[in-house]
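Each chain, written out:
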Amino acid sequence: MSILTKLRVECSLSLLNKLDINKNLKDVLKDMLKSRLNNLNFYKVNYKDKEEATLALSGGVDSVTSAIIGKQIFDIKAIFCYSKHLHSEEYLDYITNLSNNLNIDLKIIKTDLGKIYKESVLENRYHPCGRCHKLIENEVIKRAKNFVIFGDLLAFGSLSFYKINDDLYRLNLPSFFALTKDEERKILKRENIKISQRYGCLMLWEYHKKNKNYKFTIQRILREVRGRVISSEEGYNNIINILEGNK
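The following refers to the structure shown. (Residues numbered from 1 in each chain as written. Predicted model: local features only at pLDDT ≥ 70, side-chain atom pairs only at ≥ 80, totals over all residues. Heavy atoms only, no water.)

## Concerning the overall build of the protein
At step 1: From N to C terminus, the protein includes 11 helices and six strands.
At step 2: On C-alpha atoms alone, the protein measures out to a radius of gyration of 18 Å, which is about the 18 Å that the 2.2 N^0.38 rule sets for 247 residues.
At step 3: Along the first, second and third principal axes, the C-alpha set of the protein runs to 50 × 35 × 35 Å.
At step 4: Out of the 247 residues belonging to the protein, those deemed buried represent 50%.
At step 5: Sequence-distant contacts in the protein: of pairs separated by 6 or more residues, those separated by 24 or more amount to 64%.
At step 6: Treating the 42 positive side-chain charges of the protein as one cloud and the 30 negative ones as another, the clouds have centres 4 Å apart. (Helix = DSSP H or I, 4+ residues; strand = E, 2+ residues; numbered from the N terminus. Rg over C-alpha atoms; globule rule 2.2 N^0.38 Å. Buried < 20%, exposed > 50% of the residue type's maximum accessible area, 1.4 Å probe, protein only. Contact = heavy atoms within 4.5 Å. Lys, Arg positive; Asp, Glu negative; His and termini not counted. Charge placed at Lys NZ, Arg CZ, Asp CG, Glu CD.)

Given below as structure tokens:
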């Protein structure tokens, strides 16, 4: 384990002591964090006192890993936000089969991204990812109860687990456990789940193809490299795939 990972785990332990959550949940999370320092089987726990948690499921590596870990300690209710601007219709079959394999409840929400598509892709007024991410987050949060789980990798420290309002906590699960993308893939492999996806979504690919504007996407990838959550090689490959895939 790297010094950086150890520091991030220690920050999560410190944060956990400050949170006003169920003592049993706090204790099991503390044990998981301590175990995380030694191995990737840290999520294998026998916890019965499960509270409901809403999980944003996109079907990618981060959210699926979050589901695998989250269901060990929460009663997971997954939400998938579908939009024709992000997904093919076939993707609905994939996400339904995935939730069945994960043995978690799934609710599919149709999400209107028409305004963002028009202003970003057609008018090139801004990069779509920020506004799209925020809109989907809000759709999930307003339906959440007790806890809402997201697959953010870079929200370390106090941003990994915090109170949104009097009734809801947000847990950015991969960040809380200081996971890297490669470690997430190892967890998925152990659970016999294989995910092979190209970087981005339909809207982003169309935005790149139409507007030839790659700067912000590349900055997002480099931010993950600097945060040591993806390797330099993976960052390089993502950038090359973006540039070569949108000629």
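## Details of the environment of Lys115
At step 1: Here Lys115 shows up in helix α5 (residues 114-122).
At step 2: In sequence terms Lys115 and Glu184 are 69 residues apart; their C-alpha atoms lie 33 Å from each other.

## A few points about the environment of Lys215
At step 1: Along the polypeptide, Lys215 turns up in helix α10 (residues 215-226).
At step 2: Sequence-wise, Lys215 and Arg198 are 17 residues apart; in three dimensions their C-alpha atoms are separated by 18 Å.

## Points about the nonpolar core
At step 1: Residues Leu29, Phe161 and Phe177 are the most contacted members of the largest nonpolar core, which totals 48 residues.
At step 2: Listed in part, the 21 residues of the second largest apolar core include Tyr126, Val140, Phe150 and Leu204. (Core = buried A, V, L, I, M, F, W, Y, C linked by side-chain atoms within 4.5 Å.)

## A word on helix α1 (residues 3-18)
At step 1: Between the first and last C-alpha of α1 there are 23 Å, a value that for 16 residues agrees with the 22 Å anticipated at 1.5 Å per step.
At step 2: Here α1 has its buried residues at Thr5, Arg8, Val9, Ser12, Leu13, Leu15 and Leu16. Looking straight down α1, one finds that the buried residues subtend no more than 165° of arc, so they occupy a single side. When the buried face of α1 is taken as reference, the exposed residues oriented beyond 90 degrees from it are Ile3 and Lys18. (Expected span 1.5 Å × (residues − 1). Arc of directions from axis to C-beta.)

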